[in-house]
Each structure stands twice: as structure tokens, then as C-alpha cells.
Amino acid sequence: MAGTTATPHPATATAGNFDLPADRRRARLWFAVALTIALAYPFLDRALGFNRIGSFLAIAVFVVLAMGLNIVVGYAGLLDLGYAAFFAIGAYTIGLLTSPSSVFVQKHWVPLWMQNFWAAMAVSWAVAAIFGVLLGAPTLRLRGDYLAIVTLGFGEIVPTFFLNADAITGGTMGINPIAKPPTFYVFGHAVSFGQTDQRNWYYLMLGVILVSLFLVTRLYDSRLGRAWQAVREDEIAASSMGVNLVRTKLWAFALGASFSGFAGSIYSSAFQYVHPSQFEFVVSIMILASVILGGIGNVYGVIIGAILIVSFDRILTDVLTDPLQQLGHLLHSETIASHNLANDRYVVFGLALVLMMLLRPGGLFPSAQRRAEMTPESDDVRVAETQTLYDVRTENEPALGERA
Amino acid sequence: MEFNANLFVQFLINGVTNGMLIALVALGYTLVYGIVELINFAHGEVFMMGALFAFTIIGMFTIGPDTPWFAIVAISLLALAAAMLFSGALNWAIDRVVYRRLRNAPRLAPLIAAIGLSFILQGIGIYWIGSNNLRPPNLIANNIRSINLLNEWFGLDTRIRLRPLDLIVVGITIPLLVWLSWFVGRTKTGKAMRATAQDREAAALMGIDVNRTIAIAFLLGGLLAGAAAMVTMYYTNTASFRMGFRYGLFAFTAAVLGGIGNLTGAVVGGLLIGIVWQMSDGFVQAYIPWWGAQWTPVAIFGVLVLVMVFKPGGLLGEFTPDKV
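Position numbers for residues start from 1 in each chain and track the written sequence from start to end. Chain labels run from A onward and ligand labels from 1 onward, assigned in the order the entries are written. At least 70 in pLDDT is required for a residue's local features to be given in this predicted model, at least 80 for side-chain atom pairs to be given and counted, and no such filter applies to totals for whole chains, interfaces and linings, which use all residues. Just so you know, side-chain values use all the structure's heavy atoms and leave hydrogens and water out.

### A word on the overall build of chain A
A run of H or I in DSSP becomes a helix once it reaches four residues, and a run of E becomes a strand once it reaches two; helices and strands are each numbered from the N terminus. Secondary structure summary: chain A contains 18 helices and two strands in total. By definition, residues are in contact when any of their heavy atoms lie within 4.5 Å. Pairs at least 24 apart in sequence give 72% of the contacts found in chain A among residues at least 6 apart. Working note: accessible area of chain A is about 18,600 Å², and carbon and sulfur atoms make up 64% of it. To be clear on the numbers: accessible area is Shrake-Rupley with a 1.4 Å probe, and residue cover counts the displayed protein chains and nothing else.

In C-alpha cells, the structure reads:
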């Protein structure tokens, strides 16, 4: 099955925009609309006085993270529960390479060219990928659920390490300042990256998203991408067809981790601060929830998922807590008046994962292929067989696959 | 550098006690994995919820210095039973409401649901007792906590401490382990569980109600986790919504170390992990000054990765690659 959707439509390969099938054309229209809104947002933000550009910058970072995790979970079907660890590794790498407070910089171990933002970003990209390989190589040959628990442990260990290795990482002090991209000139206009005006950061992030989007969609249709899908759908069949399982999975793991390294370096530089608490387990789950909510395997769905989840985390909890507490005072309800919506993130992310699995396993915007895989009830014969086999007593219950 | 035998024995005692509690939680992982091949990520949180329930039950009583000892024993047993039943029922409900619907779904689906459940339960834990570490209600008086049995009862002149709490842990864990091994090894339901673990479809053909058997495995795991939770809460003298996460990870490592799916393995693994844990918390520091309790998770994670790389089947289990 893998690869059938990957083959380009004959018309699209040769002809221009107007010969596209209707659904493709609609998709392009939506993409153009979304891109216009994203490009115009900083001006709206300033005109309307929202002052939320920082939150949108964070959303953009999480969009890249979700796209990276989507390679691992969505394309290759490997459950990575410690994705924030690679995010942390990327952030700490650029911090340690460029911050004047870093031990390595103070001891003149870092060559001067590497203290440049762009060079350090490339290094953190590579370092995150290397850690992906180091973690993946011993565990990817085991069963998939073992990988889940090892990554879970890794996600727990890495922040613990950064917190306690305070001789190197500054411990609870964190690392700051961190190098910013040097100012450059476009047609005489200075493009600078400051803290007070984060618009250029936002556009930089948008650029990274577009490049990532291009890379990810091309990867999905490549030989490697088709191997990922084959492995995801049936490992044994894939390996019989000559796909090297460990190498294929390792590529997914390393590429996924490298996206996280990118995102980590930009995030830490834009907010000028690295601290272990930014990379707690809840962050990994937030990214996973974005991927699951949006639709595993569908990049555009995943982007929407990340926007939904992170705007809940960064904007809604902030904006709605005050009115909610006011309402609590009006109603004389102590519980509502003292309730902080930030406490709800655990339940919200958890519910997003569980409900999606129960009700819409393909996500809100599933790829057609993935939807077919994740909803096996369409596979009537198999369900009917296992059903009659397992249910000895409860014959009047709805069948396992049936959902009301 | 001289080997400090006193220190070693002290942390060995602590390790064994701690390990017994881990073993109870690890059994929950192994029971479920053995039958449905699912890592129940929510198990650590089921453990945590048991502790919070015991916390609330005990909090209903006012216990002072003049409360008679039999009242304290009665309250403790009541809270223990309540925690066990609560965790057991919770684990059973999780299976009934979520996992059972996903039994035919692809492998990733129940795992993702499990991690989601773990998060929901942590959120409920925050609603329940807030996000800070709390001290459990004072059930065991401080003067009892600090008794050293080796001095008081056995008249030994030693600095090694054996506290009543250590004995209580052993006194609660051993009967539970004996009961579990009787249940799985000698009862009809236990036989059904073993059959289902071996081959689910063949078991179903033999007339075993597979769904009921799986539900019982979840129930049993929850009961043990509830007991461990109540005792752990008093052993460490803290309760928080986070207590399940790390404990669950350690217990899972124990289950893998012993060979997942193998009940004896879970107990052996639990004891070993408990010993590693305590040695890392205290003993190693005498030799490596910068080492301390903050590095224990790193040590346990190291054990997990080493086992997976060199002996993926664990000490007592056999390695089964993915079934076709």
C-alpha cells in the first residue's frame, strides 16, 4: 500500500496550476490563506495592541518540534516520549557554545567562528542528531514499546542531568545570555534580532517552518520516506522486501531529533535563557499531543495541532484565568476564584491523547492512508473473527470495534 | 579508601525494604504486560492515586499522642484496604473504559492512550492535593519512627539502624507476595491468567473469558500498587502528584531487569533496583564525593539501557522478539 499516494498525479508532474485536481487546488488555496495570515500577523499584533508576538514565536517553535516528532511517530511509527530531551540538547548546545557565562567559552575551547549564531545553530542541529543516534542505536532493535519507555527515561534524565551538572550547565541558574543572529541589511534596511521587538525572530521562525515543510514533504515521498511507511505498517513485510529495519528507524530518529536541535537553538536564543525546567516531561507530551491531535503522519494536520495545543498552553491559560477568577468572585465560589487554568494542562493534554485514540485515532486531519491504518474496524472480517473468539459471555455488548 | 561495612549493611537494609515496595509496583507492570503485552504507563499514577486516597482516608481521623495503639492499627489497616481497593478499582476501570476498546487497534494506540491516562491522573492528583509535596497525616508517632530495633530489642551495640517501619514494610509485602503466588499458581483464575498469557486465542478457544481474565490482571496489579502506595507514603513521609512518575519508571526498570512477564523476575528485579537506588542515594557518596541522590535516576536509567542492550529478556525471562 505504501507509496501509492506518493506517486505524483500525472497531470501535476507536467502541467501548471490550473490542471490540478480540485482538492489539490483547494489545498493550495488554504495554504496561501494561512501563509498570508501568518505573514501579516506581526502587523496586526502591533496595530491591535495584542502584544502576543512572543507567544506566537513559541507556537512557531513548537510547530517545528511537532513536525520533527511527526517524522518519528507519524512516518516511522516509533513512539518517542522524550522528545523534549533533544530540544534541551539543542538549546544547551548553543548556550554552551556561545554564552560568555559558559565554561567552554571562558576556557577558550570554542573557536570564535563557532560562537556565531548560525554556526552554533548548525552544530546544535548536528549534536541533537548524534544524540538521537546514540539513544536509538541500542534500543531501536528492540520492540517498539521498549523504545517508548527508554525515551521516556531519557526525557526524564536529560533535564535532571542539566540541572545537577551545575559546574557545566549553571544548574538552576540556567545559561544566559546566548548569541543572537548578527544584524544584516536587506536593501539598506537593518534586520536585527532584539528582545524588545521579536518580529524578526517570528519571521525567521516562519522561514524555518517553510524550509522544514519542504524538506519533510519531500522526505515523505522519497525512498526513505516510503521505507518508513512500510516499516510502520508491517515490519516483517518491509524487511522481507529488503528494507533495513534498524537503519531506516535510526534515520527517522536522528532526523526527528535534528529538527528538535534546530528548534531548541532558536528558542533559547530568542528568549535568551536556557533552564532545565523548560524541558520537563510535560513538554514532550505537549508535542506528542500536537502530533496526535492534528493527525499522525499528516504534516499540515500536525501544524494545526501544534497551533491549537500551544495556543492553549501559552495564550488561553493566560487570557482566560483572570476572567474565570472574576467569575468565581461573582459566584462566590472559592474553587473557581482561586483556579489557575495553567493547572489544567495535564488533564487537557492527557484527554487530548486518550480521546483522540478512542474516538478519532487518525487525528482531526488524518492522512487518508493513516486513517485506514488507525481505524481497523473498517477491516470487518478481522474484527468479527477476534470478536466472536474473545467474547464468551457478553454477547449483547457492542462489538469491540463498534463505537456508538 | 576503606570499605565501610556498617554503611554498606545499612543501605542494604534500606535497599531491601525499598526494593520490596518497588517489587509490588513492578508486579503490576509484569502482570499486565505478560497478558496483553502493553506497558501500562498509567500504573505509576494508579500507585499515586492509591497514596492520595489513603492520605484522605487517614486525614478524616484526628490522631493525637493519646490515641490508643489499637485505634491506630485499625485506622492503618482500614486505610491500607481502602488504598488497595481504590487503586485496584481504578486500574480495572482504566482497562474497561480505555484499553479494552483499543485491543484490536494498532500497537501505538494503547501506548499513546496509556501515556495520556497517566497525564490525566497526574492532573487529577493536582486538583486533589495541589502541586506541592505534602506530609501525610501523622499516623506513626515520631518516637516510634526513630526506634532502632537492633538496639532496643536485640540489645546489639551497633550503629546500623533497623526501624519498625522496615519491619512493617516486610510484614505487609511478604504476605501479599505469598498470596499473589498462590493466586496465580493454584487457583482456577490464576490458571486462566497463565493460559491467556501464553496464547490468547487458544485460551479463548478453551472457553476462557479473555476479557475477564485481563480485567483481573489489571485489578490485581492495582491492588498491589495501592498497598505499596500507602506504605511508601509513610516510608518516605511525603505525598505528591509526582510520586507515581519516577516510582513507576523505577518499577518498570525492575520488571525489565527481572524479565518482563515473569512474576519472580519482578520481585528479584525490584529488590535489585531497590538496592541500587539506596546505594546510589547514600553509600556511593562515601567514595565519590560529587555523587548523590540527585544522580539516582541517572543510575537507574543506566541499568535500564544496559539490560536492554545486553540482556533484553531480563535476568529470568526469555527474550521474545515481535510476534508475527
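Text resumes after the structure shown.
### Describing the interface of chain A and chain B
Between chain A and chain B, the residue contacts involve 56 residues of the former and 60 residues of the latter. What counts as buried area is the accessible surface, traced by a 1.4 Å probe, that two parts surrender upon association, with contributions from both included. Buried area between chain A and chain B, both sides added, is near 5,400 Å², and the carbon and sulfur share of it is 72%. Put simply, a salt bridge is a Lys or Arg side-chain nitrogen that is within 4 Å of an Asp or Glu carboxyl oxygen. Across the contact surface, chain A and chain B share one salt bridge. A:Glu156 is paired through a salt bridge with B:Arg246; the nearest N and O atoms lie 2.9 Å apart. Distance and chemistry together define a polar contact, namely a pair of N or O atoms within 3.5 Å, with one atom able to donate a hydrogen and the other to accept it when in protein, and with adjacent residues in sequence counting only for side-chain atoms on both sides. Our enumeration of links across chain A and chain B arrives at three residue pairs in polar contact (both at pLDDT 80 or more). Secondary structure elements with two or more residues in the side of chain A that touches chain B: helix 6 (117-139), helix 7 (144-164), helix 11 (235-240), helix 13 (281-294), helix 16 (345-359), helix 17 (368-374) and helix 18 (380-390) of chain A. Here the element with the most residues in the side of chain A that touches chain B is helix 7 of chain A; it accounts for 13 residues. Of the residues in the side of chain A that touches chain B, the class split is 35 nonpolar, nine polar and twelve charged. Residues are grouped as follows: nonpolar covers Ala, Val, Leu, Ile, Met, Phe, Trp, Tyr, Cys and Pro; charged covers Asp, Glu, Lys and Arg; every other residue, Gly included, is treated as polar.

### As for the pattern of salt bridges
Residues and elements named next belong to chain A. If you walk through the whole model with that rule in mind, you get nine salt bridges over all chains. Residues Arg314 and Asp313 are paired through a salt bridge, measuring 3.4 Å at the closest nitrogen-oxygen approach. Here's how the labels work: a residue is buried when its accessible area is under 20% of the maximum for its type, exposed when over 50%, partly exposed in between, all with a 1.4 Å probe on protein chains only. Under the relative-accessibility criterion, Arg314 is labelled partly exposed at 27%. Take Asp313: its relative accessible area is 9%, and that puts it in the buried class. Through salt bridges with shared partners, a single ionic network connects Asp313, Arg314 and Arg345.

### A short note on the packing of aromatic side chains
Two rings belonging to Phe, Tyr or Trp (six-membered ring only in the last case) form a pair when the distance between their centres is within 6.5 Å. Interplanar angles under 30 degrees mark stacking, angles over 60 mark edge-to-face geometry, and anything in between is tilted. Scanning the entire structure with this criterion turns up 43 aromatic pairs over all chains. Note on A:Tyr83 and A:Phe86: the rings are 6.4 Å apart at their centroids and 65° apart in plane angle, and the pair reads as edge-to-face. Placement of both A:Tyr83 and A:Phe86 in helix 4 (residues 83-98) is noted, with a separation of three residues, approximately one turn of the helix. One exposure class covers both A:Tyr83 and A:Phe86, and it is buried. Ring geometry for A:Tyr346 versus B:Phe241: centroids 5.6 Å apart, planes at 80°, classification edge-to-face. Of this pair, A:Tyr346 sits in helix 16 while B:Phe241 is found in the loop between helix 10 (210-236) and helix 11 (243-258), placing the two residues in two different chains. You can call A:Tyr346 buried: its relative accessible area is 14%. An aromatic cluster is built from A:Phe62, A:Phe87, A:Tyr92, A:Phe161, A:Phe162, A:Tyr267, A:Phe271, A:Phe279, B:Trp290, B:Trp291 and B:Trp295, whose rings are joined through pairwise contacts.

### Section: the side chain of B:Asn91
Residue and element names in this part refer to chain B. With respect to the element layout, Asn91 can be found in helix 3 (residues 69-97). Here Asn91 falls in the buried class, since its relative accessible area comes to 0%. A distance of 3.3 Å separates a polar atom in the side chain of Asn91 from a polar atom in the side chain of Asn40. Leaving out residues up to four positions away in the same chain, Asn91 has contacts with Asn40, His43, Val46, Phe218, Gly221 and Gly222.

### Examining helix 2 (residues 43-59) of chain B
In this model helix 2 of chain B runs 24 Å from its N-terminal to its C-terminal C-alpha over 17 residues, within 8% of the 24 Å that 1.5 Å per residue would give. Burial analysis of helix 2 of chain B places 14 of its 17 residues in the buried class, which makes it a mostly covered element. By this rule the span expected of a helix is its residue count minus one, scaled by 1.5 Å.

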